[in-house]
Amino acid sequence: MVKNLHICLNMVGGSGWLGGVLYIQNLARAIATLPPEEKANLKLTVAVHDKDLNLIEPARGYVNHIYATSKLQRAYLKACNVLAQRVSFIPLNLLNPQKIDFLYPAIAGTRTPYQWGSWIPDFQHYHLPNLFSPEEIEQRNQDHQQIASAAPVIILSSQMAQQDFKHLYPDAASRSVVMNFVSCPEPEWFELYPKLTQKKYQLPDKFFLVSNQFWKHKDHAVVIEALGLLKKQGTTPTVVCTGSATDYRNPDYYNQLLARIKDLGIGEQVRLLGLIPRVDQIQLMRRCLAVIQPSLFEGWSTVVEDARSLGKPTLLSNFPVHLEQSPPDSYFFERSNAEHLATLIDKAFATLTPGPDVKKESLAKQDNVERIKGYGRRFLKIVRGVL
C-alpha cells in the first residue's frame, strides 16, 4: 500500500455538462464511504475552476480540500507540465506545488510531476459524427490520440467504450480498464417529501420523468412522438422534462421540439421545467411513475444510475450501454421507435402508481451501499496499480 497518497480529482464538466460534475462528486463520495483502514494515509482533493466552485460544494464534506483555481493558477500548472515534459534537468518535485501523487482525469505527457489517468466516457463522435462539427471531431481525436500515447491508465465507463477504444487504439489496449460509476444518494434525499416538490411545479399526481439536457442524441423527439400516438388513442399521460434547453451543437433543436409539441397538440402533457435544483430533480424522480431514458447514445447513464439508487422503474432505449446497466425493473424499447415506446408508456401509465415506494427505496439503498464501496475500491485499486 502506498503511504501518504494524495489523489486530486480534476472536476470536468460545468453548468453546460452536469454529467461530468456528478461524476466527480460521486467518485469523491464513493471513496469517502470506504472503511478507515482502506483509505488510511489518503488525502483526497478536488481541483475546480473558481467560477464553478458552487457546483462542487455538495462534495466538500467528502474531501480533504478543494482547490478553486483561477485562470492564472491554471496557466501556472500548465506551464509546470510543459516544463516537466520538455526540460528534463528540472526535478519533478519542483514542478508539483500541491504534492499530488495521482491526478484524475487528466491529459498530460509522458514525463509529468505526478502520475495521472484519463477518462473517456464514450466515442459518440465516432458513432454519430453527424452531431459534431469537423473541428470538434478533430479535437476529440487529437485528445484521444494523446491519451492513447501517454496515459498510464485509461478509464472507460462501459464495456462498449472499452471495445471502441481497443478497436481505435489497439497499441494502448493493455492500459485500458473499465470502471462503471455509481450514483451516491445523499441521506437528505429520503428525508424530504416528493409530493411537495410535485406541488411546487404544479404537476399532476401521475407523470413520467425525462431528466436530460436537450441535446439531440438524448432523443426527446421519440418521447414527443410517442405521446402524439397515445393521444390519438385517447391516452394522455404527462411527461415532465428537466434539463438545460441549450444544445450548442444544434441551436435550433429545442425550438424544433416545441414546434412539434404544438403540432401534435400535446402542450398540456409535456411539462418543460428547465434546469432545476438537483434536490428537486431527485424528488420528482422519487414521485414519478417511471423514468424514461430514450438516448441514442450514452457513456454510462447518470440518470439510469440515479433511478436505480432510488428503486425506480425505467423505460430505456435498447442502446448497448443501457443493456449493460440493466437496472432492476427496467423495460426496453427499440431506439427511436415511437410506437414501441408508446406501448410501454401506455402499460406503465395503467399499472404503476406515484412514488415513493418505501419498500423499493429501502432495497435499493441496501444494494447501493455495497455498489458504492465497490466503486471506491475499484478506483483506488486502479490508482495503486499505476503507482
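Every value quoted in this text rests on a predicted model; they were computed, and no experiment measured them.

Criteria and cut-off values
Residues numbered from 1 in each chain as written. Predicted model: local features only at pLDDT ≥ 70, side-chain atom pairs only at ≥ 80, totals over all residues. Heavy atoms only, no water. Helix = DSSP H or I, 4+ residues; strand = E, 2+ residues; numbered from the N terminus. Rg over C-alpha atoms; globule rule 2.2 N^0.38 Å. Buried < 20%, exposed > 50% of the residue type's maximum accessible area, 1.4 Å probe, protein only. Contact = heavy atoms within 4.5 Å. Areas by Shrake-Rupley, 256 points an atom, 1.4 Å probe, with all protein chains shown as cover. Lys, Arg positive; Asp, Glu negative; His and termini not counted. Charge placed at Lys NZ, Arg CZ, Asp CG, Glu CD. Axes fitted to C-alpha atoms, helices over the stretch in contact; angles between N-to-C directions. Parallel < 35°, antiparallel > 145°, perpendicular 65-115°, else oblique. Left-handed = near helix turned anticlockwise from the far one by under 90°.

In terms of regular secondary structure, the protein chain is built from 14 helices and 14 strands. A globule of 387 residues ought to have a C-alpha radius of gyration of about 21 Å, and the protein chain, at 22 Å, matches this closely. When its C-alpha atoms are laid out on the principal axes, the protein chain stretches across 75 × 45 × 35 Å. By the burial criterion, 52% of the 387 residues in the protein chain qualify as buried. Put simply, 70% of the contacts in the protein chain that link residues at least 6 apart link residues at least 24 apart. Summed over its atoms, the accessible surface of the protein chain is roughly 17600 Å², and 53% of this surface lies on carbon and sulfur atoms. Separation between the mean location of the 43 positive side-chain charges and that of the 36 negative ones in the protein chain comes to 4 Å.

Turning to the packing of helix H10 (residues 278-287) against helix H11 (residues 302-309), a few remarks are in order. Interhelical geometry of H10 versus H11 gives an angle of 60° and a closest axis separation of 10 Å. Comparing their axes, H11 and H10 come out oblique. Handedness of the crossing formed by H10 with H11: right-handed. For the pair H10 and H11, contact is made by Arg-278, Gln-281, Ile-282 and Met-285 and by Val-303, Asp-306 and Ala-307, respectively.

Time to look at H10. Along H10, eight of the ten residues are buried, which leaves the element largely enclosed by surrounding structure. Every buried residue belonging to H10 is among Asp-280, Gln-281, Ile-282, Gln-283, Leu-284, Met-285, Arg-286 and Arg-287, and all of these are buried.

Of note, the bond from Tyr-104 into Pro-105 is cis; its omega dihedral lies within 30 degrees of zero at -15°. Examined against the element boundaries, Pro-105 turns out to sit in the loop between strand S4 (102-104) and strand S5 (115-116). For the bond running from Gly-355 to Pro-356, omega is 0°, close enough to zero to count as cis. Tracing the backbone through its elements, the reader meets Pro-356 in the loop between helix H13 (338-351) and helix H14 (358-386). Its identity as a non-glycine residue notwithstanding, Ser-326 has a phi of 30°, on the positive side. Among the structural elements, Ser-326 can be located in the loop between helix H12 (320-325) and strand S14 (330-333). Relative accessible area serves as the criterion here: at 37%, Ser-326 is assigned to the partly exposed category. One non-glycine residue, Asp-329, lies in positive phi territory at about 60°. For Asp-329, a relative accessible area of 27% puts it in the partly exposed group.

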